[in-house]
Structures are given as structure tokens and as C-alpha cells.
Amino acid sequence: MRTKSSEYKKRNIKIWNEVAPRYHKRWATASKGPFQSTKKLVSSLEIRKGDYVLDVASGTGVVTKLLKQKVGKTGYVIGADTSTSAIKIAKKWNEKSQNLLFVNADAENFSFKEKFDAITCQYALFFFPNSQKALKNMKNSLKKDGKLGISVHGHPDRVPYFDCIFEAVTQFIPNYVPPGTPDFDRFGTKKQLKDEIKKVGFSKIEVNDYDFPYSPGTFEQYWKNYLRYIAKPVKEKLDKLEKSQRKELKDMVRENTKPYTKRDGTIKFPWEVLILTAKY
Ligand SMILES: C[S@@+](CC[C@H](N)C(=O)[O-])C[C@H]1O[C@@H](n2cnc3c(N)ncnc32)[C@H](O)[C@@H]1O
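Looking at an unreviewed UniProt entry, one finds the protein named Methyltransferase type 11 and attributed to Candidatus Nitrosopumilus sediminis.

Structure, rendered in C-alpha cells:
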């Protein structure tokens, strides 16, 4: 029998296979807004030349690429993700190298014969339905003095880029998020994130919060880009709305963005990011 979690995973893989090229172009390569975290995450782990590092849910390889520079020729980096199209992009974007490997692997089920000096996981922990299993897996793959580095988005109130739309959309489309989807906000506070990591037995856990403001341009640009970059199944739900409902929805979103709209008409959103470091 297929479980809800395996159905969610299938759906999620399909979504990431579809959106990976757009995600890469719009976010991963832009180093803007929340993607300022890539440097912070890697620097907080003090990666040294020669280190072995695993990047879990590596996506199109933005963290992996920086890790590879840090470990140099004597180190080794593995990027693991469930999306084959993200991996394809990551491979193309990164120079081919003997000590860089991208593999198709689930965070909850991978196993490598080597142990790592550090493991990173950027913007993905909340996607794992059994995040405890994934974290145990990470702990088992670390050396005894190994380090873990995790970044997640902060509480929805402090990430209005998502919330301005989400809050409105869910009033029009109650099943916007399909049943069986894990709660993406469940690690949005320092305490929630810390508690989750503590349960697995990591030590020296530290969580820092950052604000990486992001400007999506004017409201019209924000709305247009949202529609352009979302995944197909979500877009299909929006397209099913009546014309009048779409207008009402758009007006509601516009209203939500007002507190962040400057006099010149551009929006500037705050964007909270939590970066956690811990030791084995
Ligand atoms: C928001 S992207 C982050 C990618 C990358 N870490 C970055 O910073 O750009 C989330 C990634 O998590 C991956 N993902 C989701 N569930 C996964 C799982 N169970 N195991 C491995 N990767 C997963 C997706 O395929 C996607 O590439």
C-alpha cells in the first residue's frame, strides 16, 4: 500500500523536476535575497582544504559549488538530491571534477561508505516528511567531530514574499496545498529548529537569524513572476478560478504587499533566514 508520504514524495519529485530550470535561473544563481545565505552557511562551518562534505538536497548545486571551492583539490564534495533535472543542471553548472559528485538520493534513505567532515542542507529540511529520519541519516554520515549546517526560511510573518500570496490564495483555493504535504513552516522559529536537531542528539547547536531583504520589483512584476515560476499543478488550480475571483485574489495580494511597498511603487520584503550549526 502506498502511504501518504510516498505520494507526497512522488509529487514533490515531479514538481522539482519541472521547476528546477526556472528555480536555477531566478533564485540559485542570483545570490539575491534569501540566497545570500549560501555564503553565510558555508562560512559558518569553517570548511578547510581537504574536507569531505556532503550537501543534502543540493538542488541545482549552489551550495555545492561554493563547498567545492573551499575544499580544494584535496577535498571531496557530494551533492545529493531526488530531482534528476536539478542534478543535471548542477552537473552542467559545475566544472567536471574528480572530487565532485552529484547523486540521486533521498535525504531519508541515503547511505555513503565515507564519513563527512561537514554536511549542509539549505532550504530543504521542511520538505522532508520524516525530517527526523533525514537528520539521523546525516548524523550517521558525519565523522565524530563533524559539523552540520542547515538553513531554513523563518516564520511566515517574517517571510512576506511567500505569505502575501499564500494567505490570500488559501482563502480562494482551500486545497492549494494537497493533503499529505508536510507543514513547511514547522522549523520557522529558532526554538522549533533547535528542538528538531536536539532530538537527534547533535551537540553545540547554535541558530542565528538573518534578514536578507528582497525586492521583487513593482507589485505587477511580483505577481507576474509568481505566476511564471510556480509549478504546473499549482498554476492549474489558479487557472480554474473565475475571472472575477482572480481579480479579487490579485487585489487581496496587492493589499497584503502594501506595508512593504515604497513610495516609488517597488516592494521591499524583509526575509528571515535561520542558519543552524551543530556538532556530531
Ligand atoms: C528549495 S530547493 C534547495 C536546493 C539547494 N539546496 C539550494 O540551496 O538551492 C529544495 C531541494 O530539495 C530537494 N528535495 C526535496 N525532498 C528531498 C528529499 N527527500 N531528498 C533529497 N532531496 C530532496 C528538491 O528536489 C530540491 O532540489
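A. Region of the structure containing the environment of Lys190. By the element assignment, Lys190 lies in helix α7 (residues 190-198). Taking relative accessible area as the criterion, Lys190 reaches 37% and is therefore assigned partly exposed. Apart from the residues within four sequence positions on either side, Lys190 is in contact with Val207, Asn208, Asp209 and Leu274.

B. Representation of the site of the ligand within the structure. As a structural note, the neighbourhood of the ligand is formed by 19 residues, with Tyr23, Ala57, Asp81, Ala107 and Gln122 the closest of them. One of the backbone nitrogen or oxygen atoms of Ala107 is found 2.9 Å away from a nitrogen atom of the ligand. Compared with its free state, where it exposes 600 Å², the ligand has 97% of that area covered by protein. The leading source of residues in the shell around the ligand is helix α1 (residues 4-28), at 3 residues. The class makeup of the residues in the shell around the ligand is 11 nonpolar, 6 polar and 2 charged.

C. Spotlight on the UniProt feature "domain: Methyltransferase" (unreviewed entry) in the protein. Per the UniProt annotation, the sites labelled "domain: Methyltransferase" (unreviewed entry) are residues 53-146. Annotated as residues 53-146, this span is 32% helix and 29% strand, and its ends, taken at the C-alpha atoms, are 10 Å apart.

D. Looking closely at the side chain of Thr277. If you trace the backbone, Thr277 turns up in strand β9 (residues 272-279). The class of Thr277 is buried, set by a relative accessible area of 17%. Other than its neighbours up to four places away in sequence, Thr277 contacts Ser44, Leu45, Leu148, Lys204, Ile205 and Glu206.

E. How the structure looks around the packing of aromatic side chains. Under the defined criterion, the tally for this structure stands at 28 aromatic pairs. For the ring pair Trp16 and Phe127, a centre distance of 5.8 Å and an interplane angle of 80 degrees mean the geometry is edge-to-face. Note that Trp16 is positioned in helix α1 and Phe127 in the loop between β4 (116-122) and α5 (131-140), a separation of 111 residues in sequence. Note on Phe127: relative accessible area 18%, which makes it buried. When the ring centre of Trp93 is taken as origin, the NZ or CZ atom of Lys65, which lies over that ring, is 4.6 Å away. Residue placement shows Lys139 over the ring face of Tyr280; its charged tip is 4.0 Å from the ring centre.

So, how was this worked out
Residues numbered from 1 in each chain as written. Predicted model: local features only at pLDDT ≥ 70, side-chain atom pairs only at ≥ 80, totals over all residues. Heavy atoms only, no water. Helix = DSSP H or I, 4+ residues; strand = E, 2+ residues; numbered from the N terminus. Buried < 20%, exposed > 50% of the residue type's maximum accessible area, 1.4 Å probe, protein only. Contact = heavy atoms within 4.5 Å. Near = heavy atom within 4 Å. Polar contact = N/O pair within 3.5 Å; in protein donor to acceptor, adjacent residues only side chain to side chain. Areas by Shrake-Rupley, 256 points an atom, 1.4 Å probe, with all protein chains shown as cover. Nonpolar A, V, L, I, M, F, W, Y, C, P; charged D, E, K, R; others polar. UniProt positions renumbered as here; feature names shortened; annotations may be inferred. Phe/Tyr/Trp six-rings, centres within 6.5 Å; stacked < 30°, edge-to-face > 60°. Lys NZ or Arg CZ within 6 Å of the ring centre and 35° of its normal.

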